[in-house]
Structures are given as structure tokens and as C-alpha cells.
Amino acid sequence: MQGNKKFRPKLFTNFRLDQFVPNDNFYKILKYKLDLSFIYSSTKKVYSHTGRPGLDPVVFFKMLLVGYIENCPTDRGLERLFQMRMDLRYFIDHDVDETIPDHSTICKTRKRIPQEIFTEVFNHILGLCVKAGMVGGDIQSIDSAYIDANASIDNMEQIDLMDRDPDTYIKEVFDQELPDDY
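Read on for an overview of the structure.

The rules behind the values
- Residues numbered from 1 in each chain as written.
- Predicted model: local features only at pLDDT ≥ 70, side-chain atom pairs only at ≥ 80, totals over all residues.
- Heavy atoms only, no water.
- Salt bridge = Lys/Arg side-chain N within 4 Å of Asp/Glu carboxyl O.
- Patch = residues over 30% accessible without salt bridge, like charges linked within 9 Å, V, L, I, M, F, W, Y side chains within 5 Å.
- Areas by Shrake-Rupley, 256 points an atom, 1.4 Å probe, with all protein chains shown as cover.
- Helix = DSSP H or I, 4+ residues; strand = E, 2+ residues; numbered from the N terminus.
- Expected span 1.5 Å × (residues − 1).
- Contact = heavy atoms within 4.5 Å.
- Axes fitted to C-alpha atoms, helices over the stretch in contact; angles between N-to-C directions.
- Left-handed = near helix turned anticlockwise from the far one by under 90°.
- Nonpolar A, V, L, I, M, F, W, Y, C, P; charged D, E, K, R; others polar.

**Focus on the pattern of salt bridges**
- One pass over the full model with this rule turns up six salt bridges.
- Salt bridges sharing common partners tie together Glu70, Arg85 and Asp87.

**What about a nonpolar patch on the surface?**
- Together, Phe15, Phe20, Met86 and Val96 give the surface a local cluster of nonpolar side chains, amounting to about 320 Å² of exposed area.
- When you line up the elements, Phe15 lands in the segment before helix H1 (17-20).

**Details of helix H4 (residues 57-69)**
- When the terminal C-alpha atoms of H4 are compared, their 18 Å separation across 13 residues agrees well with the 18 Å that a helix rising 1.5 Å per residue should span.
- Phi turns positive one or two residues past the end of H4, at Asn71, with a value near 60°.

**Some remarks on the side chain of Thr109**
- Looking at the secondary structure, you find Thr109 in helix H7 (residues 103-112).
- Among all residues touching Thr109, those that are not within four sequence positions of it are Tyr47, Leu55 and Phe60.

**Describing the packing of H4 against helix H9 (residues 166-174)**
- Viewed as axis vectors pointing N to C, H4 and H9 meet at an angle of 115°, and their least axial separation amounts to 11 Å. Crossing hand, H4 versus H9: right-handed. For the pair H4 and H9, the contacting residues are Leu64, Gly67 and Tyr68 in the first and Pro166, Tyr169 and Val173 in the second.
- In terms of residue class, the contact of H4 with H9 is made up of five nonpolar, one polar and no charged.

Geometric values such as these leave the question of function open.
Here is the structure:
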């Protein structure tokens, strides 16, 4: 007999994102290989000690790293990408019921961090990815030094960055127009 599947949303469900994302997923492995705690000290001086907490800078830089890897330099594009992908939610520690930072929040955070600090932190993160063997390619430029990046992990799908220069990506990120509600 032919089946006819119909979607029926549930009010309650038993779901764990960490169990849903496979152990061999690139972003799940990257999450555990990268120690990004240095970002807090690198960006501390651009945040006030009073007021409402802003977007976690580690979440912000993880989102931009994904934008670099997935070739998505726009704030709106990042917002859509993270809304659709469970592995990316897990990578930034956002569960399925948590709201993804919207394009306006991403933009405001980007404008808060001076480009020099942004570039330094972003290039350091890319260097960590290369050292962890998570980024492949012929050559990766980090802090103006060329580093061979043909490292791989057993049975790991290699991410090709299309010979993309990190400085070009950073320029694309910073050249975006501010949203109307900024």
C-alpha cells in the first residue's frame, strides 16, 4: 500500500541537538578542536561594564568563521544560514528553541569592534583552524605568512576555501551597508 506522509507539528518533543548532529560533522569536530576563549580578553575593552549584555563575541566570531568557510559575507545571509542548519546552531551553542542573532545584532557587533582587533582575532582563529588540521587548501595566508594547509583528519571531508584571501572576506564584511534600523 502506498504511504501518504503528512506533517503534524508537535507541541512537545524530546530532542537533543548534540545527539542530532553526527560526530563526524565538520562543525561538531571544529567546536571541540578550537579554544576561542582568548576572544573575551581580546574584545573586553570594546564592551562597557554596565548595561544590557551584547552578543557573545565568541558566538559572533564563530558566525563569521562559518561565513568565511561557507562563502557568506553578509549579515542577512549569515542569519538565514544559521536559521536553517542544525549543525551551525550547535557550533555556536544555540539550541533549537533559541533565537539566532539577527542581521542587525551581527551588524552592531561588527561595528562595535575596531577593524584592527577584528582582523587580529579573525586571522588568529584561521591560524587555529590550520593548526587543528580543519582547513585545507594549497596555501593559507595568516598574518602575511604563508602556511601550507594540506592537513587532514582520517576520513574527514576537507573544506575548500576556494583560495579565498581572509583580508578580502574581512573587507566584504566591513563594506556592508548599515541596516535602516541601526
